[in-house]
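Remarks on the overall topology
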Amino acid sequence: PDSTMGPPAGAAGPALAETARAKINLHLHVTGRRADGYHLLDSLVVFAEAADTVTLAPAEGLSLTIGGPEGGVLAAEPDNLVLRAARLLAEVAGRPLPGAALHLEKRLPVASGIGGGSADAAAALRALDRFWGLGIGVAGLEALALRLGADVPVCLASRPARMAGVGELLSAAPRLPGFGLVLANPRVSLPTPPIFAARTGPFSPPAVLPEAWTDAAAMASALRELRNDLEPPAILLCPAVAEVLAALRALPGALLARMSGSGATCFALFAEAEAAARAAEALPPAWWRWGGAVRAA
Ligand code: C5P
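Computed from a prediction, not measured in an experiment: that's the story for all the values here.

**Observations regarding the overall build of the chain**
In terms of helices and strands, the chain carries 10 helices and 10 strands. For the chain, whose C-alpha radius of gyration is 19 Å, the value lies close to the compact-globule estimate of 19 Å for 297 residues. C-alpha extents for the chain along the principal axes are approximately 55 × 40 × 35 Å. Restricting the contact set of the chain to residue pairs at least 6 apart, pairs at least 24 apart contribute 76%. Taken as a whole, the chain presents about 12,400 Å² of accessible surface, with 57% of it coming from carbon and sulfur.

**Details of the layout of surface pockets**
The volume enclosed by the largest pocket comes to roughly 1,000 Å³. As for the largest pocket, its lining consists of 41 residues, of which L81, S118, D151, T192 and S262 are closest to the centre. For the lining of the largest pocket, the elements supplying multiple residues, two or more each, are strand 1 (16-33), strand 2 (39-59), helix 1 (81-93), helix 2 (116-131) and helix 6 (192-198). Here the lining of the largest pocket gets 4 residues from one element, more than from any other, and that element is helix 2. Taken together, the residues of the lining of the largest pocket sort by class into 20 nonpolar, 14 polar and 7 charged. Structurally, the lining of the largest pocket is a two-domain feature, drawing no fewer than three residues from each of domain 1 (10-172) and domain 2 (180-293).

**A word on unusual backbone geometry**
Cis geometry marks the peptide bond from G263 to A264; its omega dihedral reads 5 degrees. With respect to the helices and strands, the residue A264 is situated in the loop between strand 8 (256-259) and strand 9 (266-270). Non-glycine residue A111 carries a positive phi angle of around 50 degrees. With respect to the helices and strands, A111 occurs in the loop between strand 4 (99-105) and helix 2.

**Regarding the pairing of strand 7 (residues 180-185)**
Among the 6 residues that make up strand 7, 6 are buried, leaving the element largely enclosed by the rest of the structure. Neither face of strand 7 is open: one carries G180, V182 and A184, the other L181, L183 and N185, and all of them are buried. Bridging between strand 7 and strand 9 involves 5 bridges; their strand directions are antiparallel. Of the residues in strand 9, the one forming a bridge with V182 is A268. Pairing analysis gives 6 bridges linking strand 7 to strand 10 (residues 288-293), with the strands arranged antiparallel. Across the sheet, the residue bridging to L183 is W290, located in strand 10.

Definitions and cut-offs
- Sequence order as written defines the numbering, with residues in each chain counted from 1.
- Only residues with pLDDT of at least 70 are given local features in this predicted model, and only at 80 or more are side-chain atom pairs given and counted; all residues enter the totals for whole chains, interfaces and linings.
- Excluding hydrogens and water, the side-chain figures rest on all heavy atoms present in the structure.
- The helix and strand labels rest on DSSP assignments: H or I over at least four residues marks a helix, E over at least two residues marks a strand, and numbering proceeds from the N terminus.
- Here the globule rule reads 2.2 Å times residues to the power 0.38, and the radius of gyration is calculated from C-alpha atoms.
- Contacts are assigned to residue pairs with any non-hydrogen atoms lying within 4.5 Å of each other.
- Computed with the Shrake-Rupley method and a 1.4 Å probe, the accessible areas treat only the protein chains shown as cover for residues.
- With a 1 Å grid laid over protein atoms only, a set of points is called a cavity when a 1.4 Å probe fits there but cannot get out and a pocket when it is open yet has protein on both sides within 12 Å along at least five of seven lines; lining residues have an atom within 4 Å of a point.
- Grid points are joined across faces, edges and corners, and a volume is the space filled by probe spheres set on the points.
- As a working rule, the residues Ala, Val, Leu, Ile, Met, Phe, Trp, Tyr, Cys and Pro are called nonpolar, Asp, Glu, Lys and Arg charged, and the rest polar, with Gly in that last group.
- Domain ranges listed in this record stem from an automatic or a database domain assignment.
- Between buried and exposed lies partly exposed: a residue is buried under 20% and exposed over 50% of the maximum accessible area for its type, with that area taken using a 1.4 Å probe on protein chains only.
- Strands are labelled as partners when DSSP assigns at least two bridges between them.

Below you can see the structure in the form of structure tokens.
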């Protein structure tokens with residue numbers, strides 16, 4: 001047990017659950033590089049209904065258990081981002097707090113470009129802010145979230161957003177139509193730093209986006225003019241990404257196929273969530289695959 005933790009509080013209430021949704025980068029332009037090596041980005045981010053879950057129950061000290069179909073590789077990890085988030089929040093609260101037994105139900109593949117770890121950390125911050133009655137709220141947690149990773153701030157609200165800076169500058173996304181997504185990962189986990197390091201060539205300008213897209217086809221044709229600048233280096237280091245993209249492009253009804261984040265998960269955009277769910281079943285069963293809806297704004 002952590003020494004900053006007090007005894008379990010009887011008044012702390014029942015178990016809390018927070019959903020940690022998959023983050024999809026509809027485009028990702030690398031616009032520059034900071035002196036510290038971090039890259040400046042411009043990205044339109046949406047969240048799929050595909051998700052991990054973080055639950056919390058009163059306990060003595062801080063602890064984390066991990067389950068779920070994708071939890072295996074994390075079980076051996078001593079310092080999961082969820083625990084680091086919990087310790088960081090306890091530290092800034094600056095007073096003794098009741099302990100919490102956290103549980104992470106992992107359904108999103110690890111190190112796969114859809115921000116699973118970041119979404120888990122964001123969900124833990126939201127759950128503990130409520131549990132501890134700190135009242136910091138999503139906006140107040142953003143600076144803290146950034147210390148855990150560049151993608152954690154956007155995952156706090158888990159709603160469509162435009163990301164700039166290294167991920168800390170969040171602004172409104174265009175008004176989006178309803179659409180469906182297929183996600184596919186070739187079951188290769190791809191650490192982010194080597195992908196950024198392998199990126200070459202000039203930096204991209206930020207995208208020019210409209211205020212709104214009225215339908216999925218219009219959105220897809222605008223997105224086709226944009227790109228994920230990390231796709232070429234990811235394909236270089238992980239050729240299976242090209243296979244996944246080809247399979248997604250071949251799905252009937254796919255409007256656009258692209259890699260998300262630093263990969264290896266790729267997505268295809270569909271006009272309807274139901275069509276996306278059906279299409280996902282046609283992909284190789286050896287891959288991690290998912291089809292369904294995007295979370296509405
Ligand atoms: O912030 P996060 O832990 O997700 O970043 C992992 C690594 O990815 C960083 O150490 C850095 O090498 C790279 N990165 C980057 N520019 C970003 C985000 C991540 O270069 N905006």
